[in-house]
Amino acid sequence: MTPLLEIEGLRTVFRTSAGEVPAVDGVSLSVERGKTLGIVGESGCGKSVLSLSIMRLVAHPGRIAAGSVQLEGKDLTTLSPSAMRDLRGRDIAMIFQEPMTSLNPVHTVGFQVTEGVRAHEPGLSAAELRARGIEALRRVRIPSPERRFDEYPHQLSGGMRQRVMIAMALAGQPKLLIADEPTTALDVTVQAQILDLLRELQAETGMAVILITHDLGVVAEMADDVAVMYAGKVVEHTDARRLFEDPQHPYTLGLLGSIPRLDEEREDLLAIRGTVPPPFALPPGCRFAPRCPFAINACNEAQPPLLPIAEGHGAACIRAPVEKALAA
């Protein structure tokens, strides 16, 4: 099957006093229709900048310096700003991670939900727009959608606001939905409801989903494939089941080891020492080497490419497969 979205060698940089520094550095990924790609990693690894790059929403002084983002064979990096505006909301949409700061406090929920519809279907009457907006709110299981349509964001709970964000994103029936931390700051009950809702809507519409999160529990529940990012690069890429059963990059091992498990008794959880390096002070060679318990001198000599470990499973580590590193 031809992927709906194909990213090849994407590089997004920001101009600073120290020169241009990469936030996304040579990322290549794809996602098929009806599938969910999970992108995971610590804060600062480049997940959100990757999503903004796909949407062409990287603000100055950032820019896409290299690579391509192909949506159904159309390179989004070469489109004019007006052509890109025509695509947003219609073919590709995004749920931002903080609904209270993403929703405009001076406009009603209904106005914001129908904004994309007004842009792409200017011939609709006010009554038709209202009907479309109410239906969008009903679709995301908001009770009393007729009343909520005329309310303002501050009158809604956090879970309700997140549902409004989903309604806004889905109002134009996009082919690709990017969900950037869609359950951040929500309690676990509301989080489960939001994830169930996304899964149901995906089944109904057949859209592809890119799910950006630091929560591996969400990835295990939602994703078909997973890309693990570290310091702007993809360090491991495989299907979700294999990632949890057979992780092959030391960073992935560290992430999984930091999560408590019901089937294991451990006094201490694994902690990854150190922090993600800033993009203006990246180490030579493998960017994870200063924090890696398996690092050897050769790890500091060159950046390892993402190479196949098995069919459909790639890792950017010269010591992979992990059994080899453990044996040494």
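- Looking up the protein in an unreviewed UniProt entry gives the name ABC transporter ATP-binding protein, with the organism given as Sabulicella glaciei.
- In its Subcellular location (unreviewed entry) section, the UniProt entry covering the protein states "Cell inner membrane".
- Of the comments in the UniProt record for the protein, the one headed Sequence similarities (unreviewed entry) reads "Belongs to the ABC transporter superfamily."

1. Some details on the sheet that holds strand 2 (residues 19-31)
Okay, step 1: Reading across from one edge, 2-1-4-5 is the order of the four strands in this open sheet, with antiparallel pairing throughout. A single partner strand is all that each edge strand has here, and the edge strands are strand 2 and strand 5 (74-75).
Okay, step 2: Relative to strand 5, strand 4 (residues 62-71) is paired through two bridges, and the arrangement is antiparallel. Across the sheet, residue leucine 71 finds its bridge partner in strand 5, namely lysine 74.

2. Some remarks on the pairing of strand 7 (residues 176-180)
Okay, step 1: Of all the five residues making up strand 7, five are buried; the element is thus mostly covered by neighbouring parts of the structure.
Okay, step 2: Judged by which residues are buried, strand 7 turns out to be covered on both faces: Leu176, Ile178 and Asp180 on one side and Leu177 and Ala179 on the other are all buried.
Okay, step 3: Relative to strand 7, strand 6 (residues 92-95) runs parallel, the two being bridged by four bridges. From the neighbouring strand, alanine 93 faces strand 7, where its bridge partner is leucine 177.
Okay, step 4: In the sheet, strand 7 pairs with strand 8 (residues 208-213) via five bridges, with the strands oriented parallel. Paired with aspartate 180 across the two strands is isoleucine 212, which belongs to strand 8.

3. Examining the pattern of salt bridges
Okay, step 1: Here the structure, examined in full by the defined rule, presents 19 salt bridges.
Okay, step 2: Glutamate 20 is paired through a salt bridge with arginine 63; the nearest N and O atoms lie 2.9 Å apart. Of this pair, glutamate 20 sits in strand 2 while arginine 63 sits in strand 4; the two residues are 43 residues apart in sequence, bridging distant segments of the chain.
Okay, step 3: For arginine 63, a relative accessible area of 36% gives the class partly exposed.
Okay, step 4: Note that arginine 90 and aspartate 91 form a salt bridge whose closest N and O atoms lie 3.5 Å from each other.
Okay, step 5: Taken together, the shared-partner salt bridges in this structure form one network comprising Arg33, Glu72, Arg90, Asp91 and Lys175.

4. What to know about the sheet that holds strand 6
Backbone hydrogen bonds are what pair the strands of a sheet, in a parallel or an antiparallel way.
Okay, step 1: The sheet built from eight strands is open, its strands ordered 6-7-8-3-9-10-12-11 with mixed pairing. Where the open sheet ends on each side, the last strands, each with one partner, are strand 6 and strand 11 (307-310). Sheet twist, expressed as the mean angle between neighbouring strand axes with direction ignored, is 20°.
Okay, step 2: Where strand 3 (residues 36-40) lies against strand 8, five bridges are found, and the strand directions are parallel. Across the sheet, residue glycine 38 finds its bridge partner in strand 8, namely leucine 211.

5. Some points on the nonpolar core
Okay, step 1: Counting residues in each nonpolar core, the largest one holds 33 residues, and the members touching the most others are Ile95, Leu137, Val164, Ile166 and Leu177.
Okay, step 2: Grouped together as the second largest cluster of nonpolar side chains are 32 residues, Leu5, Leu71, Ala208 and Ala227 included.

6. Details of the layout of surface pockets
Okay, step 1: Taken as a whole, the largest pocket holds about 630 Å³ of empty space.
Okay, step 2: Every residue lining the largest pocket is counted, 26 residues in all, and those nearest its centre are Arg88, Gly89, Glu115, Gly116 and Met168.
Okay, step 3: Those elements that place two or more of their residues in the lining of the largest pocket are helix 2 (81-87), strand 6, helix 4 (109-113), helix 5 (115-120) and helix 8 (158-170).
Okay, step 4: No other element matches the five residues that helix 5 contributes to the lining of the largest pocket.
Okay, step 5: Of the residues in the lining of the largest pocket, the class split is 14 nonpolar, eight polar and four charged.
Okay, step 6: Along the wall of the second largest pocket there are 25 residues; nearest its centre are Leu253, Gly254, Leu256, Gly257 and Leu270.
Okay, step 7: Among the elements of the structure, helix 10 (216-222), helix 11 (240-245) and helix 12 (250-257) are those that each provide at least two residues to the lining of the second largest pocket.
Okay, step 8: Taken together, the residues that form the lining of the second largest pocket break down as 15 nonpolar, three polar and seven charged.

Cut-off values and rules
Note on numbering: residues in each chain are counted from 1, in written sequence order. Side-chain atom pairs in this predicted model are given and counted only at pLDDT of 80 or more, local residue features only at pLDDT of at least 70, and totals for whole chains, interfaces and linings cover all residues. Remark: hydrogens and water are excluded; side-chain values derive from all non-hydrogen atoms of the structure. UniProt positions are given in the numbering used here, feature names are shortened, and annotations may be inferred rather than shown by experiment. At least two bridges found by DSSP between two strands are what make those strands a pair. Going along the chain from the N terminus, every DSSP run of H or I of four or more residues is numbered as a helix, and every run of E of two or more is numbered as a strand. Partly exposed describes any residue whose relative accessible area lies between the buried limit of under 20% and the exposed limit of over 50%, with all areas from a 1.4 Å probe on protein chains only and scaled to the type maximum. Any Lys or Arg side-chain nitrogen located within 4 Å of an Asp or Glu carboxyl oxygen qualifies as a salt bridge. Angles run from 0 to 180 degrees between N-to-C directions of axes, and those axes are lines fitted to C-alpha atoms, restricted for helices to the stretch in contact. What makes a nonpolar core is a set of buried Ala, Val, Leu, Ile, Met, Phe, Trp, Tyr and Cys residues whose side-chain atoms join them at distances within 4.5 Å. Every definition here rests on a 1 Å grid over the protein atoms only: cavities are sets of points where a 1.4 Å probe fits but cannot get out, pockets are open sets enclosed by protein on both sides within 12 Å along at least five of seven lines, and lining residues have some atom within 4 Å of a point. Grid points are joined across faces, edges and corners, and a volume is the space filled by probe spheres set on the points. In the scheme used here, Gly and all other residues not listed as nonpolar or charged are polar, with Ala, Val, Leu, Ile, Met, Phe, Trp, Tyr, Cys and Pro taken as nonpolar and Asp, Glu, Lys and Arg as charged.

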